[in-house]
Amino acid sequence: MSETTGALVLGANLNGLTIARSLGRRGVPVWLATPPNIKLASYSRYARRTLPWPNGDCEAQVDYLLNLAERHELGQWVLFPTGDETAAFLSKFRSTLSSRYRVSTPEWDVLRWAYDKRLTYRLAAQERVDHPGTVYPTSEEDLRTCNLAFPLILKPAVHAPVNRFTADKAWPVANRHQLVARYREALELIAPEFILLQERIPGAGESQFSYAALCRDGEPIVSLTARRTRQYPIDFGYSSSFVETLDVPEIAAASQRLLAAIRYSGLVEVEYKFDSRNGRFKLLDINPRLWTWSALGARAGTDFPYLLWRMMTGEPVPKQANKAGVRWMRMNTDFPAAIHEMLLGRLTLRRYLRSFRGPVQFALMAADDPLPGLLDLPLCAYKNLYRSYKSLLHGLPLKAEGLKSKG
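Residues numbered from 1 in each chain as written. Predicted model: local features only at pLDDT ≥ 70, side-chain atom pairs only at ≥ 80, totals over all residues. Heavy atoms only, no water.

Asks: Looking at this structure, how should I read the pattern of salt bridges?
Replies: Oppositely charged side chains can form a pair if their charged atoms are brought close together. Inspection of the entire model under this criterion finds 25 salt bridges. Salt bridges sharing partners connect three or more residues here, namely E140, E141, R144 and R184. (Salt bridge = Lys/Arg side-chain N within 4 Å of Asp/Glu carboxyl O.)

Here it is in structure tokens:
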């Protein structure tokens, strides 16, 4: 196809758009394989071709990818996931897919520590990294004997299968009666061993931080730290809406211990929340793939998708210095998030306007690639209509899912 090794991206959400722009601007051919309701990245000038992503079992999807490589001569192109499930898929079938592609996710024995939160918190305990108090109830009796103090949250250990529990980040519970009711609701959607009960750390977006890195065998090649100041929805957001780079050495050191322990290779975001009650950063999640605000890295000095492509193709990855005070904003979610924060008295108009001080990287609008930014709101509306149709078709409860773009 081309002398330049290309990239096949699984998904056309905001993460897919970030990958397409990062690589396409450097002349790397980018193809997308995506389901019909996720099309954002396919409108980028840097996406050379969009292919359908098949429904069905994983084995059929593996065959589909192998056939694509043979039919279109995509030999040794780099496979990029855009969400948790595509990352898990590539990881589980890494050996088979590596006969035709360069798979950018680590082996399943490594990635599973990030994919399954039960393993994530076990790893944190082993490496002495602070994390929220967590219990793993298997029955209502376990709820009665739990020694965690309210308020609490119920959260899924994994995000499959997709339903209203796994699609949400967490379900807050304020008392014992509410806990039992929500636990029973969760049991209708997922097996009990995948339900976690966890303390709710106080604080809003200003308490949320991330360590982002490209690693090889557990060693960070490039990295940055940031505060995820606002998210949408504001309490348990599907994704960040305003992020700014900061120097946070505490989370860098903790993250490096975690990643070294499992010898992680590839892109990763490690999420924390600062607990003002004891002054500690507590681990929330490890995201083993590109994250929503990753385009901030390029403006700050670390273009993560391109550097991963260089690593996967055997090119040297140069050390890069990151700048503090660089901001990333997704306007169509940050504006409603900011309005909500103002109504709650947690944000002033003056402070919100200061968010626009440069340098700012906008999530969607780009002078050299304007169409995705113009189409984002109509595409989100279509995606929600599509989900509603699927819910009606399968007799599932309807639920407005907002502008979900995590992964």
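Back to the write-up after that little detour.
Asks: Any chance you could explain the pairing of strand β9 (residues 195-199) here in plain terms?
Replies: Working note: regular strand, side chains alternate between the two faces of the sheet. The buried fraction of β9 is high, at five of five residues. Going residue by residue along β9, you find I195, L197 and E199 tucked away on one face and L196 and Q198 tucked away on the opposite face as well. As paired elements, strand β6 (residues 134-135) and β9 share two bridges and run antiparallel to each other. Counterpart to V135 in the pairing with β9 is L197. Across five bridges, strand β7 (residues 152-156) lies against β9 in antiparallel orientation. Counterpart to L152 in the pairing with β9 is E199. (Buried < 20%, exposed > 50% of the residue type's maximum accessible area, 1.4 Å probe, protein only. Helix = DSSP H or I, 4+ residues; strand = E, 2+ residues; numbered from the N terminus. Pairing = 2+ DSSP bridges.)

Asks: Just to check I follow, could you spell out the side chain of D84 for this structure?
Replies: Structurally, the position occupied by D84 is in helix α3 (residues 84-92). Assessed through its relative accessible area of 15%, D84 is described here as buried.

Asks: Explanation requested: the pairing of strand β1 (residues 7-10) in the structure shown.
Replies: Burial of the side chains of β1 extends over both faces: A7 and V9 are buried on one face and L8 and L10 on the other. Pairing between β1 and strand β4 (residues 78-81): four bridges, direction parallel. When the bridges of β4 are listed, V9 appears paired with F80. Two strands pair when backbone bridges link them, and β1 and strand β2 (residues 30-34) are joined in this way by four bridges, in the parallel orientation. When the sheet's bridge partners are listed, L8 is paired in β2 with W31.

Asks: Mind showing me how you'd approach the sheet that holds strand β16 (residues 360-362) here?
Replies: Whenever strands of a sheet pair, they do so through backbone hydrogen bonds, lying parallel or antiparallel. The mixed open sheet is built from seven strands, whose spatial order is β14-β13-β10-β11-β12-β15-β16. The open sheet has two edge strands with one neighbour each: β14 (280-287) and β16. Averaged over all neighbouring strand pairs, the angle between strand axes comes to 30°, with direction disregarded. Relative to strand β11 (residues 219-232), strand β10 (residues 208-216) runs antiparallel, the two sharing eight bridges. Bridge pairing in β11 places S210 opposite A226. (Axes fitted to C-alpha atoms, helices over the stretch in contact; angles between N-to-C directions.)

Asks: Can you walk me through a positive patch on the surface in this structure?
Replies: A cluster of basic residues, R350, R351, R354 and R357, forms a positive patch on the protein surface. Inspection of the secondary structure assignment puts R351 in helix α14 (residues 349-354). Owing to a relative accessible area of 36%, R351 belongs among the partly exposed residues under this scheme. (Patch = residues over 30% accessible without salt bridge, like charges linked within 9 Å, V, L, I, M, F, W, Y side chains within 5 Å. Areas by Shrake-Rupley, 256 points an atom, 1.4 Å probe, with all protein chains shown as cover. Lys, Arg positive; Asp, Glu negative; His and termini not counted. Charge placed at Lys NZ, Arg CZ, Asp CG, Glu CD.)

Asks: What am I meant to see in the sheet that holds strand β8 (residues 171-173) here?
Replies: Strand order across the open sheet formed by four strands is β6-β9-β7-β8, with antiparallel pairing between neighbours. Every interior strand has two partners, whereas the edge strands, β6 and β8, have only one. Along the sheet, helix α6 (residues 117-126) makes contact with β6, β7 and β9, crossing β9 at roughly 45°. Helix α9 (residues 176-187) rests against β7, β8 and β9 of the sheet, and its axis sits at about 155° to β8. (Contact = heavy atoms within 4.5 Å.)

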